[in-house]
Amino acid sequence: MHVGYRVAYKMMRMAFFCLAATCLLATAHADDTLTLEQALSLGKQYNGTIVAAMRDLDAAKAKLVQSKSGFFPSLTLSYGYSDQRFDNYKVPSNDPLRTTFTRGTSGTLSADWTLLDTGERELGVKSATDGLESQQASTLQTLRSTLVDVYTRYVEALRSQELQKAAQAEVARADDVLKQAEAQAKVGDIAQKDVLQPRADALNAKVSLLAAQNGTTKSQASLKAGIGWDYAKDLPALAPLGQPTSGQELSDTQAIIRAGLQNRNDLKAERKFVDQLSISVRQAKLAYGPTLNAGYSYTRQGGSLADSGNGVFSVFVSYPLFDGFSRKSDIRIAEANLAAAKADLTQAEREAAAEIESLVRENELDRQRIEAANAALEAARTNFDKVYQAKQLGAEGADVVALSTAQSSLVTAETNAIQATYDYAIAQVRLRLATGLSVPGEPE
């Protein structure tokens with residue numbers, strides 16, 4: 001087993017068993033806010049996918065120990081008591097020899113040790129070692145994928161809250177414009193028909209607010225499921241993420257792809273699985289030819305019923321003459337499974353390369369989107385304020401249509417800025433997962 005895998009496993013186990021204290025800390029602050037760090041801790045504590053992966057890792061470790069047991073002698077100790085009655089019906093019933101009794105104890109110590117074989121035990125250990133390393137990589141990938149899923153659900157819940165706030169602000173602005181229009185129409189400053197557009201804008205804003213509220217409900221329910229939150233209890237307020245970081249250097253896409261293909265734990269797991277199937281082919285070919293098994297066994301019996309010892313050294317050579325092509329078919333099956341696994345690995349590497357390339361480009365574009373969206377939001381706010389003030393002053397050209405257009409542009413700009421910010425936050429973490437880097441919430 002590689003040292004890196006052992007260290008990673010110990011880190012995961014240590015983190016897993018220390019999560020209870022972290023969870024208590026998170027619960028203590030649950031009435032105020034729920035931070036991203038607390039959400040990730042809750043996800044590690046309660047998400048069943050992580051728990052199942054840890055148990056699979058325990059099973060793989062046990063299989064390796066089991067495979068090594070064939071190199072050691074086996075000892076069996078048994079002890080028993082018997083009470084036997086024997087009736088001889090050919091003897092007259094009044095004869096004291098008609099019935100005899102045998103009572104007593106016996107103890108047996110048996111030892112068996114395989115001294116030599118044709119390589120079956122060694123191949124079994126190699127297969128179990130590859131299986132363990134594959135499971136270690138798979139477990140780490142499961143941990144990271146689950147943390148990224150929790151991170152994404154948290155960000156989506158934050159996004160929904162921000163979109164709802166923007167929708168509420170839109171309703172407030174639209175209602176204010178509508179009230180002004182109705183007041184102006186009442187005193188005759190504008191025609192009654194000029195109230196129709198502000199009224200439509202106000203109604204549309206309320207529809208958008210309802211949709212945003214529905215999105216908030218859905219995203220919060222999804223976050224509850226991801227972190228194991230009680231579905232009957234409301235989530236506390238979510239702490240903001242803060243300003244997006246600059247992210248990793250993305251100047252050389254091909255270098256990032258090569259590093260990602262090397263470091264991704266799901267690909268490491270598949271490569272170890274291919275190695276394991278290669279051993280399966282060797283095991284099938286070994287079983288097809290002559291096999292050797294040499295061993296020694298010793299049995300010692302003692303007690304009132306027996307007192308003896310027996311030692312046997314044995315050598316067996318076997319060769320299958322005909323078995324209906326069963327063993328030959330085993331070789332073909334093993335070779336086909338190996339070829340299929342290699343093809344799956346090749347395709348998985350292609351898909352991973354495409355995913356990394358896409359995410360690199362997505363990160364670059366999202367960073368540009370944030371800059372452009374923030375500039376557009378600032379311009380839209382300035383434009384709306386000026387048109388709003390101009391309409392209040394009765395400036396020429398500052399009519400209802402101009403104000404409605406400015407308001408629509410501001411809503412679009414606010415939505416674009418929110419979407420760009422949270423898309424970039426998710427894209428950054430997804431890129432780290434895709435390239436095999438540590439993710440938020442992962443033990444250091």
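You'll find the structure just up there.
For clarity, every value in this text was computed on a predicted model and none was experimentally measured.

**Focus on the sheet that holds strand β3 (residues 99-117)**
Strand order across the open sheet formed by four strands is β2-β3-β5-β6, with antiparallel pairing between neighbours. This sheet does not close on itself; its edge strands, each paired only once, are β2 (74-87) and β6 (308-318). The sheet shows a mean angle of 20° between the axes of neighbouring strands, taken without regard to direction. The pairing of β2 with β3 spans 14 bridges and is antiparallel. Bridge pairing in β3 links L77 to L109. Against the sheet, helix α5 (residues 120-187) makes contact with β3 and β5 (291-302), and its axis sits at roughly 75° relative to β3, the strand it touches most.

**A look at the pattern of salt bridges**
One pass over the full model with this rule turns up 25 salt bridges. One salt bridge connects R159 with E156, and the closest N-O pair in it is separated by 2.9 Å. Residue R159 and its partner E156 are both found in helix α5; the two are separated by three residues, about one turn of the helix. Taking relative accessible area as the criterion, E156 reaches 30% and is therefore assigned partly exposed. Note on R159: relative accessible area 7%, which makes it buried. Beyond isolated ion pairs, a larger network of salt bridges with shared partners links E156, R159, D366, R369 and D423.

**A short note on the packing of helix α7 (residues 253-263) against helix α9 (residues 326-393)**
Axis separation between α7 and α9 bottoms out at 9 Å; the angle between their running directions is 135°. It follows from the interaxial angle that α7 and α9 lie oblique. In terms of crossing hand, the pair formed by α7 and α9 is right-handed. On the side of α7, the interface is formed by T253, I256, I257, G260 and L261, while α9 contributes E349, A352, A353, I356, E357 and V360. Class assignment for the residues of the contact of α7 with α9 results in seven nonpolar, two polar and two charged.

**Some thoughts on the nonpolar core**
L34, Y151, Y154, L223, I227 and L238 are the most contacted members of the largest nonpolar core, which has 31 residues in total. Among the secondary structure elements, those contributing two or more residues to this core are α3 (36-46), α4 (48-68), α5, α6 (196-227) and α10 (400-434). Considering every element that reaches this core, the biggest residue donor is α5, with eleven residues. Setting aside its immediate chain neighbours within four residues, L238 contacts L34, Y154, A157, L158, Q161 and L223. Core analysis: the next-biggest nonpolar cluster, separate from the first, contains 15 residues, F384, V387, A413 and A417 among them.

**A look at the pairing of β6**
Strand direction decides the pairing type here: β5 and β6, joined by eleven bridges, are antiparallel. Bridging from a neighbouring strand, S297 pairs with V312 of β6. Hairpin connection of β5 to β6: five residues between the antiparallel strands, including G303 at a positive phi of 130°.

**Some thoughts on α7**
Along α7, the residues that are buried comprise I256, I257, G260 and L261. The arc that holds the buried residues of α7, viewed along the axis, is 130°, so those residues lie on one side. Exposed residues lying more than 90 degrees from the buried face of α7 are R258 and Q262. Along its buried surface, α7 packs onto α8 (265-288), α9 and α10. For α7, the side-chain oxygen to backbone nitrogen distance between the N-cap and Q254 is 3.3 Å, and the N-cap itself is D252.

**Some words on the environment of K268**
Within the fold, K268 resides in helix α8. When the C-alpha atoms of K268 and Q135 are compared, they prove to be 9.6 Å apart, with 133 residues separating the residues in sequence.

**Focus: the packing of aromatic side chains**
The final tally for this structure, using the stated rule, is two aromatic pairs. Taking the centre distance of 5.7 Å and the plane angle of 80° together, the rings of F322 and F325 count as edge-to-face. Judged on exposure class, the residue F322 and its partner F325 are both exposed. Between F384 and Y388, the ring centres sit 5.9 Å apart and the planes meet at 25°, which makes this aromatic pair stacked. Note that F384 and Y388 are positioned in helix α9 at a spacing of four residues, about one turn of the helix. Like Y388, F384 is buried.

Criteria and cut-off values
Starting from 1, residues in each chain are numbered consecutively following that chain's sequence as written. This being a predicted model, a pLDDT of at least 70 is required before a residue's local features are given, and a value of 80 or more before pairs of side-chain atoms are given or counted; all residues contribute to the totals for chains, interfaces and linings. Think of the side-chain values as coming from all heavy atoms in the structure, minus any hydrogens and water. When DSSP finds at least two bridges between two strands, those strands are taken to pair. Secondary structure elements are defined from DSSP: runs of H or I of at least 4 residues count as helices, runs of E of at least 2 residues count as strands, and each element is numbered from the N terminus. What counts as an axis is a line fitted to C-alpha atoms, over the stretch in contact for a helix, and the angles between N-to-C directions run from 0 to 180 degrees. Residue contacts follow a heavy-atom distance rule, with two residues in contact if any of their heavy atoms lie within 4.5 Å. A pairing counts as a salt bridge when a side-chain nitrogen of Lys or Arg comes within 4 Å of a carboxyl oxygen of Asp or Glu. Exposure categories follow from relative accessible area, calculated using a 1.4 Å probe and restricted to protein chains: below 20% of the type maximum is buried, above 50% is exposed, and the middle band is partly exposed. Small angles under 35 degrees read as roughly parallel and large ones over 145 as roughly antiparallel, with 65 to 115 read as roughly perpendicular and the rest as oblique. A crossing counts as left-handed when the near helix is turned anticlockwise from the far one by less than a right angle, and as right-handed when that turn is clockwise. By the convention adopted, Pro, Cys, Tyr, Trp, Phe, Met, Ile, Leu, Val and Ala count as nonpolar, Lys, Arg, Asp and Glu as charged, and the other residues, Gly among them, as polar. Among the buried residues, those of types Ala, Val, Leu, Ile, Met, Phe, Trp, Tyr and Cys that are joined through side-chain atoms within 4.5 Å form a nonpolar core. Throughout, the arc means the angular range of directions from the helix axis out to the C-beta atoms. Any pair of nitrogen or oxygen atoms within 3.5 Å is treated as a polar contact; in protein, a donor-acceptor pairing is required on top of that, and neighbouring residues in sequence qualify only through side-chain atoms on both sides. Note on ring pairs: Phe, Tyr and Trp rings are taken, using the six-membered ring of Trp, and paired if centres are within 6.5 Å. Classes follow the plane angle, with under 30 degrees stacked, over 60 edge-to-face and the rest tilted.

The quantities given are spatial measurements derived from coordinates; they are silent on function.
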